[in-house]
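Observations on the model geometry
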Amino acid sequence: MRKGFSAFNVTALVLGFTFLYVPILLLVIYSFNASRLVTVWGGFSTEWYWKLLENDQLLDAAWVTLRVAFISASVATVLGTLAAIALTRYGRFTGRTLFSGMIYAPLVMPDVITGLSLLLLFVAVNFDRGFWTITLAHITFTMCFVCVVVQSRLVTFDRSLEEAALDLGCPPLRTFFVITLPIILPAVVSGWMLAFTLSLDDLVIASFTTGPGATTLPMRIYSQVRLGVTPEINAICTILIAIVTVVVVSASIVTKRQEIERQKAERLAAAGVME
Amino acid sequence: MARSNRERWLVVAIPYLWLAALFLVPFFIVFKISLSQDVTAQPPYEPVFDLSGGWDVIRDALGQLNFDNYSYVLSWDNEFLMAYVSSLKIAAISTFLLLLVGYPIAYAMARAPKSIRPTLLMLVILPFWTSFLIRVYSWIGILSPEGLLNQFLSWLGAIDQPLELLNTDTAVYIGIVYSYLPFMILPLYSALEKMDETLLEAAADLGCPPLAAFWKITWPLSLPGVFAGCLLCFIPAVGEFVIPDLLGGSDTMMIGKSLWTEFSVNRSWTVASAVAVLLLIVLVVPIVFYQNIQQRQMEGR
Amino acid sequence: MSSGVAEKTQTTIGGIRRTFAPWTDPSAVHLIRYRNVTKRFGSFTAVDDLSLDIYEREFFALLGPSGCGKTTLMRMLAGFEEPTSGQITLAGEDLVGTPPYRRPVNMMFQSYALFPHMSVWDNIAFGLKQDGMGKPDIAVRVEEMLRLVKLEAFARRKPHQLSGGQRQRVALARSLAKRPKVLLLDEPLGALDKKLREETQFELMDIQMKLGMTFLIVTHDQEEAMTVADRIAVMDHGKLIQVAPPAVIYEQPASRYVAGFVGDVNLMAGRVESNQNGLVTVRTGSGGDSAGMRLAVAQEVQTGAGDEVWVAVRPEKVRVDREPPADTNVNCVSGEVWDIGYLGDLSVYHIELADGTRVKAVRPNLTRMVERPITWEDKVWVSWTPDAGVVLTR
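Computed from a predicted structure; not experimentally measured.

Criteria and thresholds
Residues numbered from 1 in each chain as written. Chains lettered and ligands numbered in written order. Predicted model: local features only at pLDDT ≥ 70, side-chain atom pairs only at ≥ 80, totals over all residues. Heavy atoms only, no water. Helix = DSSP H or I, 4+ residues; strand = E, 2+ residues; numbered from the N terminus. Rg over C-alpha atoms; globule rule 2.2 N^0.38 Å. Buried < 20%, exposed > 50% of the residue type's maximum accessible area, 1.4 Å probe, protein only. Contact = heavy atoms within 4.5 Å. Areas by Shrake-Rupley, 256 points an atom, 1.4 Å probe, with all protein chains shown as cover. Lys, Arg positive; Asp, Glu negative; His and termini not counted. Charge placed at Lys NZ, Arg CZ, Asp CG, Glu CD. UniProt positions renumbered as here; feature names shortened; annotations may be inferred. Pairing = 2+ DSSP bridges. Axes fitted to C-alpha atoms, helices over the stretch in contact; angles between N-to-C directions. Phe/Tyr/Trp six-rings, centres within 6.5 Å; stacked < 30°, edge-to-face > 60°. Lys NZ or Arg CZ within 6 Å of the ring centre and 35° of its normal. Salt bridge = Lys/Arg side-chain N within 4 Å of Asp/Glu carboxyl O. Domains from an automatic or database assignment. Buried area = accessible area lost by both parts, 1.4 Å probe. Polar contact = N/O pair within 3.5 Å; in protein donor to acceptor, adjacent residues only side chain to side chain. Nonpolar A, V, L, I, M, F, W, Y, C, P; charged D, E, K, R; others polar.

1. Section: the overall build of chain A
A tally of helices and strands in chain A yields 11 helices and 0 strands. Sequence-ordered secondary structure for chain A, helices as α and strands as β, is α-α-α-α-α-α-α-α-α-α-α. A compact globule built from 275 residues should have a C-alpha radius of gyration of about 19 Å, whereas chain A, at 23 Å, is more than 25% larger. Taking the principal axes of its C-alpha atoms as reference, chain A extends roughly 70 × 60 × 35 Å. A total of 275 residues make up chain A; the buried ones form 55% of that total. The long-range share in chain A, meaning contacts at least 24 apart out of those at least 6 apart in sequence, stands at 68%.

2. Describing the overall build of chain C
When its secondary structure is counted, chain C shows 9 helices and 22 strands. The dimensions of chain C, computed from C-alpha atoms along their principal axes, are 75 × 50 × 45 Å. With 394 residues in all, chain C has 51% of them scored as buried. For chain C, restricting intrachain contacts to residue pairs at least 6 apart in sequence, the fraction spanning at least 24 positions comes to 64%. As presented, chain C carries roughly 18300 Å² of accessible surface, and 49% of it is formed by carbon and sulfur atoms. Across chain C, 47 positive and 49 negative side-chain charges occur, with their mean positions spaced 7 Å apart.

3. Describing the UniProt feature "domain: ABC transmembrane type-1" (unreviewed entry) in chain A
The feature "domain: ABC transmembrane type-1" (unreviewed entry), as given by UniProt, occupies residues 62–254 of chain A in the numbering adopted here. Secondary structure content for residues 62–254 of chain A is 81% helix and 0% strand, and the end C-alpha separation is 28 Å.

4. What about the sheet that holds strand β12 (residues 239–244) of chain C?
Within a sheet, each strand pairs with its neighbour through backbone hydrogen bonds, oriented either parallel or antiparallel. All names here are of chain C. Taken in spatial order, the 6 strands of this open sheet run β8-β9-β10-β5-β11-β12, and their pairing is mixed. Only two strands of the sheet have a single neighbouring strand rather than two, namely β8 (105–108) and β12. Each strand of the sheet is rotated relative to its neighbour by a mean of 20°, with strand direction disregarded. In this sheet, strand β10 (residues 214–219) lies alongside strand β5 (residues 59–63) in parallel orientation, the contact comprising 5 bridges. Following the sheet pairing, leucine 62 is matched in β10 by valine 218. The strands that helix α2 (residues 70–78) touches are β5, β8, β9 (182–186), β10 and β11 (231–236); relative to β10, the one it contacts most, it runs at about 145°.

5. Let's talk about the packing of aromatic side chains
One pass over the full model with this rule turns up 33 aromatic pairs over all chains. Between B:Phe214 and B:Trp215, the aromatic rings sit 5.2 Å apart at their centres with planes inclined by 80°, giving edge-to-face as the arrangement. The exposure class of B:Phe214 is buried, given its relative accessible area of 17%. On the basis of relative accessibility, which here comes to 51%, the residue B:Trp215 falls in the exposed class. Their ring planes at 65° and their centres at 5.6 Å tell us that B:Trp215 and B:Trp219 sit as a pair that is edge-to-face. One end of the pair, B:Trp215, and the other, B:Trp219, are both in helix α10 (residues 210–238), 4 residues apart, so they sit about a helical turn from each other. Through a chain of ring-to-ring contacts, three or more aromatic side chains come together here, namely A:Phe208, A:Tyr222, B:Phe241, B:Trp260, B:Phe263 and B:Trp269. One residue, B:Arg8, lies across the ring of A:Tyr90, its end atom 4.4 Å from the ring centre. In this structure, B:Arg111 is placed above the aromatic ring of B:Tyr107, and the distance from its NZ or CZ to the ring centre is 5.1 Å.

6. Details of the pattern of salt bridges
Under the counting rule described, the total for this entry stands at 24 salt bridges over all chains. Across the pair C:Arg283 and C:Glu273 runs a salt bridge whose closest N-O atoms are separated by 3.1 Å. Here C:Arg283 is found in strand β14 (residues 279–284), whereas its partner C:Glu273 is found in strand β13 (residues 266–276), with 10 residues between them in sequence. What makes C:Glu273 partly exposed here is its relative accessible area of 34%. The network of salt bridges with common partners includes A:Arg89, A:Arg159 and A:Glu162.

7. Side note on the UniProt feature "domain: ABC transporter" (unreviewed entry) in chain C
In this numbering, the UniProt entry assigns the feature "domain: ABC transporter" (unreviewed entry) to residues 32–262 of chain C. A helix fraction of 36% and a strand fraction of 27% characterise residues 32–262 of chain C, whose end C-alpha atoms lie 25 Å from each other.

8. So, the domain arrangement of chain C
All names here are of chain C. Assigned domains within chain C: domain 1 (1–104 + 220–263) and domain 2 (264–392). The gap between the C-alpha centroids of domain 1 and domain 2 is 32 Å. Each partner contributes to the interface: domain 1 provides 11 residues, whereas domain 2 provides 9 residues. Of the roughly 830 Å² buried at the junction of domain 1 and domain 2 (both faces included), carbon and sulfur atoms supply 56%. Applying the counting rule to domain 1 against domain 2 returns 1 salt bridge. Close ionic contact of glutamate 251 with lysine 317 constitutes a salt bridge, the shortest N to O distance being 3.1 Å. Applying the counting rule to domain 1 against domain 2 returns 5 residue pairs in polar contact (both at pLDDT 80 or more). For the side of domain 1 that touches domain 2, the elements supplying multiple residues, two or more each, are α8 (246–251) and α9 (256–261). Grouping the constituent residues of the side of domain 1 that touches domain 2 by class yields 6 nonpolar, 3 polar and 2 charged.

9. Details of the pairing of strand β18 (residues 332–342) of chain C
Residues and elements named next belong to chain C. Bridging between β18 and strand β21 (residues 379–383) involves 5 bridges; their strand directions are antiparallel. Residue pairing in the sheet places glycine 335 in a bridge with valine 380 of β21. Looking at chain direction, β18 and strand β19 (residues 346–353) are connected through 7 bridges and run antiparallel. Bridging across to β19, glutamate 336 finds its partner in glutamate 352. From the end of β18 to the start of β19, which pair antiparallel, there are 3 residues, and glycine 344 there has a positive phi angle of about 95°.

10. What about the interface of chain A and chain B?
Counting from both sides, the interface comprises 92 residues of chain A and, opposite them, 93 residues of chain B. Buried area between chain A and chain B, both sides added, is near 8400 Å², and the carbon and sulfur share of it is 79%. Summed over the shared surface of chain A and chain B, the result is 1 salt bridge. Two residues, B:Asp245 and A:Arg226, come together in a salt bridge whose shortest N-O distance is 3.5 Å. Our enumeration of links across chain A and chain B arrives at 10 residue pairs in polar contact (both at pLDDT 80 or more). If you tally residues by element for the side of chain A that touches chain B, the top one is helix α1 (residues 7–30) of chain A, at 14 residues. Split by residue class, the side of chain A that touches chain B holds 68 nonpolar, 18 polar and 6 charged.

Next comes the structure, spelled out in structure tokens:
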């Protein structure tokens, strides 16, 4: 039956993943290069990592970025979850088409348009540009991603669970907090993580909406990258990649382990061993 | 359930108003500024609507709005039109390449043993979680004349002159394909994975050879994923700025880069706005298409 | 099946057989009353100007195909839907406008809707906690419910660690824990396999009797409705077609629709020739000429000569003989065996009559004989007594 996993398929996967991972791997390897020339291997060294610790500008930028990402991801998660509930639960309400349009359009809108339009808004209302304008801009575009993630969980949500809670005397708001939220929590958490990384990652929108004193890490990296490849940039990139990899891989291992436990329990129950 | 109506209203109104204020209203502001003129002031455009000035002041300001920026942008003397065309071309070719590269990977993932599918999926998503900027940056070191690719090729003896790759359109294609690949693979994978494999067995049983079965069964059934993936890549690629800026050459023209240059180098917010409005007009049809697909996927029952 | 049904309306209390039939008692007070209830979804009318009374301690079944409005009728009682017009009262109190979380009814869901992140114990305690019941009281009640459904050993399990049958019992315990005035059961056994379903039907009846509660069940399974219910309401297109005890539904269906939906039936169209002294004679065929068969039905029915009617005969009431029966010539025609279905306990004979009508007859296989005396293409006589058939006017 599963003879379909042919040589063609294996080749496609090997080539595909090579393409995806080789550039990142090279970047990581060359961050340990002793030579300042990034394309010539001059022996193993961790020199550039120590240099990073002395680079106050980069550390400042990293700190700004983390704060922006944390605040914007958290607010975006709340707003995006509300929007997902509105879209999946409330059927047709006035202005629904416009609403879903405003949710889905930012997913594909080129960053330069979003960035410019938000900047002009902040200028028009005379809002001091800086940390908070970046945060507001990030909330706006990341909440749409959160909404889509949560929405795809909510469409498969068995609504009779909520009805059962109401039926047993639990008012709607409490039902949301004790039944709905715990069950959709994994989707909400991955929505938050997505918003967090999108915010960490964003260069264009932040560049438009920033003001004096608020420089994010991508902006700092970008201004250095334009001057050429340096091992320090390789080093900071490696650190970022390592953090993301550890978080994503451990998150997926935890969910995988839970899934295995669950399947085991279900098999045992089905086999009647537990009865 | 009349009592819960207020809660319902809040659930809709909070995100609705947020998006209206920070996504919808800004477009009107962009449009208004695209009709204004540059001045050396703060803000760097006029007229500025002063609502406290009363009706006469507003009417006076309205009278100052004009389409000069548009005739500037749309003139063949300035390279904006070429940039629009070139952006659409680069985005279209990149999207086609993405489909060509992404489809076999998505197909192989969907046909892989069920037990390793989650791992494969994670391997595709993982690069997406790492910074976009980093992924583009990593190609500079590979594509530069003394870069790793040229070193590798001359070590193989395939070339004796380093290839000119960095700062060309080729580098832009590679950059776009590389950074957008997960966006192409994921919708394709979810469309292909849903497909019932007994359909292919039925086709084979009825005398259809595998390749014909692919074109007659698998491909048509994966079309929703193909459309979603292509739009998800094409639309942002048209307005791409970072990739042509870092990997492209001085003759690589993309409208996102023109907009950025107009805004940050030439400091003309009004022309940048006109460029943005025209870009939005170009993209409005694919965006509406994308929204329909997204909506059908989320709510189609 | 039908033998048990006849006694279903009788309960044994204190050793005395007593008939439970409050619907025949004009002084009985209804517990649930639907009055002219209509529910529309857009242009679709799910429930159409429907009135119905249900009495205390009754096990009442709503039976019908999917889309007939039975679930909507139940969900309006639970409060998940509000009627477009009409009134629903429970113990004399108007329910319309009361949200589901303030109604003294509980529901067992088709999907069971067990909260996946809570243990069996917490699922059962959920409703009691909402009422602000004290912790010791909750513990006592939950233990009692666990005993009732025989799941004491599973209190700490999560729903996904249970088998389908166990989940079903947790759902039942959870909806019973609050001692609701009415328990609503939405296709409660639909997800169980046939054997478990039959067992559970009797368990449900037991529990209902033990607790003395009113149960309202929605089902599309006619056998299930016949087994468990005191009364059945057959629904179609948002209207009640017949409300009666199972035996009446089966033996005296009000219409062709009911006759066909509940059990198997032979329907023969014809016109009334005469209706005298409780004996109706019907000439089959559409023309009303002498071509058709002449059928006799012993029944008191409002119909006159020339009316278009249908004679319904249940297959188990049709006799099949190889020779013309000597004792009777009423309702007796010859035909040919066209098909036989051997079911083990029963055999189903499809017999084609001279005029092309096909009649179904069911015979119990009383002996271990492998070769049945009647086989394909045999010439046979089919017959039934005048009190076997029933005349339907619609």
